[in-house]
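# Results of the structural survey
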Amino acid sequence: MGKYRISVATGDSLLAGSSNPVQLWLVGEHGEKDLGKILRPIRIREVQLEVEVSLYLGRLLLVKLRKHKSLVGFDWFCKWIAVQGPGTQGEAFFPCYRWVQGNEIICLPEGTARTVRDDPQNQFKKHREKELEERRKVYRWGFWKEGLILPIAGNTQWDLPRNERFLEDKDLDFSLSLAKVLKDLALKGSLDLTNSVRRLEDFNKVFPQGKTPLAERVRNCWKDDALFGYQFLNGANPMLLRRSTSLPSRLLLPPEMEDLKTQLEKELQTGSLFEADFSLLDGVKPNVIIFKQQYVAAPLVMLKLQPDGRLLPMVIQLQPPRNGCPPPVLFLPSDPPMAWLLAKTWVRSSDFQLHQLQSHLLRGHLIAEVISVATMRSLPSLHPIYKLLIPHFRYTMEINVLARSNLVSKWGIFDLVVSTGSGGHVDILQRATAGLTYRSFCPPDDLADRGLLDVKSSLYGQDALRLWGVISRRYVEKMVSLFYKSDGAVKDDPELQAWCREITETGLQGAQDRGFPISLESRAQLCHFITMCIFTCTGQHASTHQGQLDWYSWIPNGPCTMQKPPPISKDVTEKDIVDSLPSLHQARTQKTFIKFLGRRQPVMVALGHHKENYFSDPGPQAVLKQFQEELAALDKEIEVRNAGLDLPYEYLRPSMVENSVTI
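All of these numbers come straight from a predicted model, not from anything done at the bench.

On to the overall build of the protein chain, then. Of regular secondary structure, the protein chain possesses 19 helices and 15 strands. Expected size for 663 residues packed as a compact globule is a radius of gyration near 26 Å; at 27 Å, the protein chain falls within 12% of this value. Across its three principal directions, the C-alpha atoms of the protein chain cover 95 × 55 × 45 Å. When the accessible surface of the protein chain is split by element, carbon and sulfur atoms take 53% of a total near 27,200 Å². Taking the 82 positively charged and 75 negatively charged side chains of the protein chain as two groups, their mean positions are separated by 4 Å.

Once that is clear, we can look at helix H15 (residues 523-545). In this model, H15 (23 residues) spans 32 Å end to end at C-alpha, consistent with the 33 Å of a helix rising 1.5 Å per residue. If you look at H15, its biggest bend is around 50°, right at threonine 536. In terms of burial, H15 is a largely internal element, 19 of the 23 residues being buried.

As a further point, take the packing of aromatic side chains. Scanning all chains against the criterion turns up 20 aromatic pairs. Centroid distance tyrosine 438 to phenylalanine 516: 5.3 Å. Interplanar angle 45°. Geometry classified as tilted. Remark: phenylalanine 516 occurs in the loop between helix H14 (494-507) and H15 and tyrosine 438 occurs in the loop between helix H10 (424-434) and helix H11 (443-449); sequence separation between them is 78 residues. In this structure phenylalanine 516 comes out as buried when scored by relative accessible area, which is 4%. Taking 5.9 Å as the distance between ring centres and 65° as the angle between the ring planes, the aromatic pair formed by tryptophan 468 and phenylalanine 535 counts as edge-to-face. With tryptophan 468 in helix H12 (residues 459-483) and phenylalanine 535 in helix H15, this pair connects stretches of sequence that are 67 residues apart. Each member of the pair, tryptophan 468 together with phenylalanine 535, is buried. Above the plane of the ring of tryptophan 25 lies lysine 64, whose end atom (NZ or CZ) is 5.4 Å from the centre. Directly above the aromatic system of phenylalanine 441 lies the positively charged group of arginine 363, at a separation of 4.2 Å from the ring centroid.

Once the domains are mapped, the protein chain shows domain 1 (2-111) and domain 2 (133-238 + 359-565 + 576-662). Computed from C-alpha atoms alone, the centre-to-centre distance between domain 1 and domain 2 is 36 Å. Facing 14 residues of domain 1, the contacting portion of domain 2 comprises 14 residues. Of the roughly 1,300 Å² buried between domain 1 and domain 2 on both sides combined, carbon and sulfur atoms contribute 53%. Taken as a group, Tyr97, Trp99 and Gly111 account for 43% of the area that domain 1 buries against domain 2, more than any other trio of residues on that side. If you look at where domain 1 meets domain 2, you find one salt bridge. In this structure, the salt-bridge partner of aspartate 75 is arginine 162, at a minimum N-O distance of 2.5 Å. Linking domain 1 to domain 2 there are nine residue pairs in polar contact (both at pLDDT 80 or more). Considering each element in turn, the side of domain 1 that touches domain 2 owes the most residues, five residues, to strand E7 (residues 92-100). Tallied by class, residues from the side of domain 1 that touches domain 2 come to eight nonpolar, three polar and three charged.

Our next topic: the state of the cysteines. Counted according to the given criterion, the structure contains zero disulfides. You can see cysteine 78 has no disulfide; the closest cysteine sulfur is in cysteine 96, sitting 4.1 Å from it.

With that settled, consider the nonpolar core. Most often, soluble globular proteins keep nonpolar side chains buried together rather than apart. With 168 residues, the main nonpolar core has Phe232, Trp499 and Ile530 as its most contacted residues. Here this core takes 20 residues from helix H6 (residues 337-378), the largest share from any one element. Residues from two domains meet in this core; each of domain 1 (2-111) and domain 2 (133-238 + 359-565 + 576-662) gives at least three. Setting aside anything within four residues of it in sequence, one finds phenylalanine 232 in contact with Asn237, Pro238, Leu241, Ala276, Phe278, Val301, Leu303, Leu311 and Val347. Among the nonpolar cores identified, the runner-up in size contains 26 residues, and Val51, Phe94, Val100 and Ile106 belong to it.

About the criteria used
Residues numbered from 1 in each chain as written. Predicted model: local features only at pLDDT ≥ 70, side-chain atom pairs only at ≥ 80, totals over all residues. Heavy atoms only, no water. Helix = DSSP H or I, 4+ residues; strand = E, 2+ residues; numbered from the N terminus. Rg over C-alpha atoms; globule rule 2.2 N^0.38 Å. Areas by Shrake-Rupley, 256 points an atom, 1.4 Å probe, with all protein chains shown as cover. Lys, Arg positive; Asp, Glu negative; His and termini not counted. Charge placed at Lys NZ, Arg CZ, Asp CG, Glu CD. Expected span 1.5 Å × (residues − 1). Bend = angle between axes of the 7 residues up to and from the residue. Buried < 20%, exposed > 50% of the residue type's maximum accessible area, 1.4 Å probe, protein only. Phe/Tyr/Trp six-rings, centres within 6.5 Å; stacked < 30°, edge-to-face > 60°. Lys NZ or Arg CZ within 6 Å of the ring centre and 35° of its normal. Domains from an automatic or database assignment. Contact = heavy atoms within 4.5 Å. Buried area = accessible area lost by both parts, 1.4 Å probe. Salt bridge = Lys/Arg side-chain N within 4 Å of Asp/Glu carboxyl O. Polar contact = N/O pair within 3.5 Å; in protein donor to acceptor, adjacent residues only side chain to side chain. Nonpolar A, V, L, I, M, F, W, Y, C, P; charged D, E, K, R; others polar. Disulfide = S-S within 2.5 Å. Core = buried A, V, L, I, M, F, W, Y, C linked by side-chain atoms within 4.5 Å.

Here it is, written out as structure tokens:
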């Protein structure tokens, strides 16, 4: 019995409000009270209500709400509801952060995180079960291509749950920006069809006006061996390089290259020999674009790490050996300049393919989608791990549906201008999926496996380790310790175990044979797994997304396709290089979409700075605040380091890392 003060917060976006009446219920330990249709959340961001309740409800457990349709139904985005009154012990906070649609009844549990074990009286048991049952109907696994991990069901963004779609600020920016670049492409691209590239300088015609300082540096220095090697460490795709433990079997050295073999073995013995092997591309069927055959190579690059930290190429083999064929030509820095440049350009084009498909799309976008769908299907909103992870899934499902329907779809961008389009890209994704390992998603393990832990010039490696450490030690471990006091508490959490199995067995299609866990047996294992999830959705994606505008704006440094076969002799002219590179129309299309997708997003939430408050308990809020402080400190350290570098590495600065995969 008594008076309750109720605060109701509506979303900030223009269309978040609704003129439809909303009915509220307060549900307590001792009963519930229907407050009637007391709310019309039209445009006011926060509404205050006062109601008298004749019943003694006890401690409040839930707020229920239902939007009733008038003549026209308008969806309402509810951020949260807060209640003060008898039994609330100050203020009870009920997070929502979702759309209220139709006339369904939505139950909002009080925001204190609880595992099943934390609810000994089973006060929330039915709510948890019903919520997951309803979620599994909405968040269904789909199918894209055989041999790939599973996506969310749906072919267009309109097939997705409303809560996974862009809000209007993001949707407006995305749609208008895309319309603008497509208009520019149509106007200028039509002229490109009648023009041809005659000299390397002709690619200046499509070099973006809003270029970055690094993109300008790449245009001026792309022929330099030092910049070529640097990209394997800190470029758009830092995921391929590894320290050599032996000379690769595919590297056939003829007798006249005995000096090179001696030099390679010397570098091998001192631990300064590295390799970038593109064998994943071997045998991939190349595209045919406007009746013109395109070409794909599978290079091997051997590099040496200099004492000053520079990584310099020693030899390039563009194709693996074939039975019954002469040994492939080996290209050396001492070769005629145009022959050596063409070999490096082939490597850069091959790196473009693996970067966009394996490192960026698969390891960034698609894995994040698996984690998000599995979480929505397996963890109720009361669960502490749900509350911890949900901010890192914002917009991921929609951006991935858009990618599947526009970039890598039939007649998508890959089919139109990329050498691995028209099926080759799917082949690469299938091969890369078969090789996904759990360790490769955890920088401490991945860098150790690739022999890069002690390479000081691997700025990606340094920053990935530090960011992983802040996420793990300053955030995840402290959050987990609040809710799991022992290893037994982890093992005995059925929802947590179902979530882990849903990711590994279902979403990843049985990845336990590649190290992904199917059960979580300890707090340490749980922390490692959650850190992997958060890093994948944030730092992993950022490290492979943000460099596109820098490294691919100058087309010869990252050609989307090659129009001539790999050279089999060293008699190469500039015309041979120009004829191999993309046409002007292909180059403009590449530049257009790299600029569109690689630009800094105006609607951007930095890592750890989401505004949504899913926890009502003070403990998690304090942990998040400390996490933000640690991120700010790391950001400052990287800024100070970068000030002394010739080529600053920005991609893993926490202020530059987005909180989820949104583009």
